[in-house]
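# Descriptive structure summary
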Amino acid sequence: MTISQHQVHNKIVLTLKGKLVEKVRKTVQEAFDQARASHHRDLVVNLTEVPFMDSSGLGFLARTHDRLKQDQGQLTLVCPPGYVLDLLKLSNFHTLMAIVATEQEIEEKVAEPSR
């Protein structure tokens with residue numbers, strides 16, 4: 001698992017590459033903690049290059065959502081169609097948080113004028 005971080009508008013984006021499984025839980029948690037230390041309330045987790053996720057990966061995302069929500073923040077997932085998106089939908093994650101297909105969609109939503 002490799003993890004990179006960048007910023008899109010007022011959101012920190014963590015891009016994960018590799019399988020999101022129990023074996024990498026500590027590495028992913030450390031990256032999340034570092035991103036939260038930047039004092040941004042909103043976090044984006046880009047799962048575009050995550051081919052597989054097990055229950056520990058789902059648990060990490062659920063805990064991340066809960067922690068951000070406690071701080072009035074928001075978790076957004078970037079996940080194109082495929083196995084991981086099917087798993088997220090089967091687990092009803094789409095009812096808890098925004099899931100978009102590309103990072104471009106995040107930028108477009110921020111650029112939209114308020115109504």
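Quantities reported herein were computed from a predicted structural model and do not represent experimental measurements. (Residues numbered from 1 in each chain as written. Predicted model: local features only at pLDDT ≥ 70, side-chain atom pairs only at ≥ 80, totals over all residues. Heavy atoms only, no water.)

### Details of the environment of Leu 85
By secondary structure assignment, the location of Leu 85 is in helix H3 (residues 83-90). On the accessibility criterion, Leu 85 (11% relative accessible area) is buried. Sequence-distant contacts of Leu 85, defined by excluding residues within four places in its chain, comprise Cys 79, Pro 80 and Ile 99. (Helix = DSSP H or I, 4+ residues; strand = E, 2+ residues; numbered from the N terminus. Buried < 20%, exposed > 50% of the residue type's maximum accessible area, 1.4 Å probe, protein only. Contact = heavy atoms within 4.5 Å.)

### Structural notes on the packing of aromatic side chains
Counting across every chain of the model gives two aromatic pairs. Aromatic pair Phe 32 and Phe 60: ring centres 6.1 Å apart, planes at 90 degrees, arrangement edge-to-face. Of this pair, Phe 32 sits in helix H1 (residues 25-37) while Phe 60 sits in helix H2 (residues 55-70); the two residues are 28 residues apart in sequence, bridging distant segments of the chain. For the pair Phe 32 and Phe 60, one class covers both residues: buried. (Phe/Tyr/Trp six-rings, centres within 6.5 Å; stacked < 30°, edge-to-face > 60°.)

### Let's talk about the environment of Arg 36
Assignment of secondary structure puts Arg 36 in helix H1. Look at Arg 36 and you get partly exposed, because its relative accessible area is 29%. Not counting the four nearest positions on each side in its chain, Arg 36 is found in contact with Arg 67 and Asp 71.

### Concerning the pattern of salt bridges
Considering all chains together, one arrives at four salt bridges under this definition. The partner of Asp 42 in a salt bridge is Lys 11, and the shortest N-O contact between them spans 3.6 Å. Here Asp 42, found in strand S3 (residues 42-49), pairs with Lys 11, found in strand S2 (residues 11-17); they are 31 residues apart in sequence, far enough to count as distant. Comparing Asp 42 with Lys 11, the two get one shared label, buried. (Salt bridge = Lys/Arg side-chain N within 4 Å of Asp/Glu carboxyl O.)

### What to know about the nonpolar core
Of all hydrophobic cores here, the largest spans 27 residues; its most connected members are Leu 43, Leu 47, Met 53, Leu 61 and Leu 88. Those elements that provide at least two residues to this core are S2, H1, S3, H2, strand S4 (74-78) and H3. Residues contacting Leu 43, with those up to four places away along its chain left out, are Ile 12, Leu 14, Phe 32, Ala 35, Thr 64, Leu 68, Gln 74, Leu 75 and Thr 76. One finds Val 8, Val 13, Val 78 and Val 100 within the second-largest nonpolar core, a separate group that totals six residues. (Core = buried A, V, L, I, M, F, W, Y, C linked by side-chain atoms within 4.5 Å.)

### Some points on the pairing of S2
Where a strand is regular, its side chains alternate between the two sheet faces. With six of seven residues buried, S2 lies mostly within the body of the structure. Of the pairings in the sheet, the one linking strand S1 (residues 2-8) to S2 comprises seven bridges and is antiparallel in character. For His 6, the partnering residue across the bridge sits in S2 and is Val 13. Hairpin connection of S1 to S2: two residues between the antiparallel strands, including His 9 at a positive phi of 55 degrees. Of the strand pairs in this sheet, S2 and S3 are connected by six bridges, and their pairing is parallel. In the sheet register, Thr 15 faces S3, and the bridge partner there is Asn 46. For the handedness criterion, the β-α-β arrangement of S2, H1 and S3 is classed as right-handed. (Pairing = 2+ DSSP bridges. Right-handed = clockwise from strand over helix to strand, strands pointing away.)

Interpretation note: all reported values are geometric properties and have no functional meaning in isolation.
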